[in-house]
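Letter by letter, the chains look like this.
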Amino acid sequence: MSSDFQVPPLTELRQRLSAKWQTFPHDVLPLPVAEMDFPLAEPVAAALHQAIRRSDTGYAAPTADLAEAVAGYARRTWDWSVDPDGVHTVADVGIGIVETLRRIVAPGDKVVISPPVYEPFSWWVHEVGAHVVEAPLTEAPSGDSTARGPRLDLTALERAFADGARAYLLCSPHNPLGLVHPREDLVALAELADEHGVFVLADEIHAPLVLTGAQFVPFLSVSQEARRRGFSFLSASKGWNLAGLKAAAIITADPAPKRYVERMSPHRLYRTGHLGVIATVAAFNDADAWLAEVLDVLDHNRTLLAELLDKNLPAARYTPPQASFLAWIDFRALGWGDDPAAHILGAAKVALNSGHRYGFPGFARLNFGCAPETLTEAVVRIAESC
Ligand SMILES: Cc1ncc(COP(=O)(O)O)c(C=O)c1O
């Protein structure tokens, strides 16, 4: 960690008014809500300070800045050529997905998700009156020497698509497992979707946080089928910790999906945070160096967590993620019941997300987007108090 990248001490973090720091009493170490504890990237902070100095707090303007920033970042980072004309501003990824679903599904239609997955995926489907169909992740087929952990179950997806599903919510990278989908799975998914007339809504919010050793593949970059059936949802809110500022992008790369986005309310832009657009443009244009520091800390923390669990809670099972700051931990062998997060919160005053809310009793999700010292304290507290 460089000297200008020090994580603020807990006393300072507790002064933050965001959900992560206000949901629990001060004696609880909060490691659930997907916010990071790191100081804001300097170029982002500078852009926001300048806006405040100008009293520039009106509505977001219809400029091409955000689209061009997204396209520049995608080209530099993933060698993905995004046409700025296909980048549409929206308040956040959740709203982008719900508003897209409203245009492509009718009440009662089926929308497929792959649990365990970010819990609001099913809320969003219910919000538009559609039905959730589950095609859970699977282990790679045995005998596959390249197999690593769970991946998309293409057979289950094909079954669900053939059974009349209208859309699939792809989480890429996949929260809560931090799974980076291999290109061949995305190509196969696009083929299946095209064959069965299914739209793929690719939530790529965690993509800037892919860690050393894995390569993120943007869904719309894999094939013509993917572009014909796909929408990508991207923002700087996870990578640069800007969730409260409310700006994101829906990306389309074919006239058919683009037409659906263009049918959304013209107020889509005015519902986006003006400061969010300013911060997002600064993040995508000028904050690669800050992100590289974050990735170093996260890379360190994912290994540190494995070491801490080995030493203090050897019965817990955890595979370090390929992306982001979320760890998916199997506590079943510890005998802490269906909701180990509730047990841990009561006994150790460490807050995690309950795995049963993702359909996986006995599991919990831990956010390691924090100082290594905080992570160490959390695991030691759990081991000593539970
Ligand atoms: C996969 C995924 N999608 C969407 C979100 C929420 O994004 P937004 O605040 O832009 O709606 C999160 C937040 O953690 C997430 O993990």
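Only a predicted model underlies this, so the values are computations on that prediction, with no experimental measurement involved.

Draft legend 1. Up close: the sheet that holds strand β7 (residues 167-171). Taken in spatial order, the seven strands line up as β2-β10-β9-β8-β7-β3-β4 in an open sheet, and their pairing is mixed. Looking at the sheet topology across the chains shown, the edges are occupied by β2 (87-90) and β4 (131-134). Within this sheet the neighbouring strands show an average axis-to-axis angle of 25°, counted without direction.

Draft legend 2. Helix α6 (residues 120-127), seen in detail. Of all the residues in α6, the buried ones are P120, F121, S122, W124 and V125. The inward-facing, buried residues of α6 contact α5 (93-104), β3 (110-113), β4, β7 and β8 (199-203). Residue G129 follows α6 closely and has a positive phi angle near 80°.

Draft legend 3. A look at the pattern of salt bridges. Inspection of the entire model under this criterion finds 18 salt bridges. Of the charged contacts in the structure, one is a salt bridge between E127 and R102, with a shortest N-O distance of 3.8 Å. One end of the pair, E127, is in helix α6; the other, R102, is in helix α5, and 25 residues separate them in sequence. With relative accessibility at 48%, the residue E127 sits in the partly exposed group. A single network of salt bridges, built from pairs that share partners, joins E99, R102, R103 and E127.

Draft legend 4. How the structure looks around the pairing of strand β10 (residues 248-251). Taking every second residue as pointing to the same face, both faces of β10 are buried, with A248 and I250 on one and A249 and I251 on the other. Two elements, β2 and β10, share four bridges in a ladder whose sense is antiparallel. Residue V87 lies in a different strand from β10, and its bridge partner there is I251. Strand direction decides the pairing type here: strand β9 (residues 230-234) and β10, joined by three bridges, are antiparallel. Its bridge partner being in β10, F233 is matched across the sheet by I250.

Draft legend 5. View of the site of the ligand. Near the ligand lie 13 residues; those nearest to it are V93, G94, N175, D203 and H206. Contact between the ligand and K238: an oxygen atom at 3.1 Å from a side-chain N or O atom of the residue. Counted by class, the shell around the ligand contains six nonpolar, four polar and three charged residues.

Draft legend 6. Spotlight on the domain arrangement of the chain. For the chain, the assigned domains are domain 1 (10-40 + 288-385) and domain 2 (50-286). For domain 1 and domain 2, the distance between their C-alpha centres works out to 25 Å. Listed by partner, the interface residues are 27 residues for domain 1 and 30 residues for domain 2. Together domain 1 and domain 2 conceal approximately 2400 Å² of surface at their shared face, both sides included; 57% is due to carbon and sulfur atoms. Contact with domain 2 buries area across many residues of domain 1, yet D288, Q322 and Y358 alone supply 28% of it, more than any other trio. The tally of links from domain 1 across to domain 2 stands at two salt bridges. Here R76 and D288 are joined by a salt bridge, their closest N and O atoms 2.9 Å apart. At the boundary of domain 1 with domain 2, the tally comes to 12 residue pairs in polar contact (both at pLDDT 80 or more). When contributions to the side of domain 1 that touches domain 2 are tallied by element, the ones reaching two or more residues are α12 (288-312) and β12 (326-330).

Draft legend 7. Expanded view of helix α14 (residues 372-385). Given a rise of 1.5 Å per residue, 14 residues ought to cover 20 Å, and the 20 Å separating the end C-alpha atoms of α14 matches this to within 8%. Along α14, the residues that are buried comprise P372, T374, L375, A378, V379, R381 and I382. Those residues of α14 that are buried lie in contact with α1 (10-13), β1 (29-30), α12, α13 (340-348), β13 (350-351) and β15 (363-367).

What counts, and where the lines are drawn
Residues numbered from 1 in each chain as written. Predicted model: local features only at pLDDT ≥ 70, side-chain atom pairs only at ≥ 80, totals over all residues. Heavy atoms only, no water. Pairing = 2+ DSSP bridges. Helix = DSSP H or I, 4+ residues; strand = E, 2+ residues; numbered from the N terminus. Axes fitted to C-alpha atoms, helices over the stretch in contact; angles between N-to-C directions. Buried < 20%, exposed > 50% of the residue type's maximum accessible area, 1.4 Å probe, protein only. Contact = heavy atoms within 4.5 Å. Salt bridge = Lys/Arg side-chain N within 4 Å of Asp/Glu carboxyl O. Near = heavy atom within 4 Å. Polar contact = N/O pair within 3.5 Å; in protein donor to acceptor, adjacent residues only side chain to side chain. Nonpolar A, V, L, I, M, F, W, Y, C, P; charged D, E, K, R; others polar. Domains from an automatic or database assignment. Buried area = accessible area lost by both parts, 1.4 Å probe. Expected span 1.5 Å × (residues − 1).

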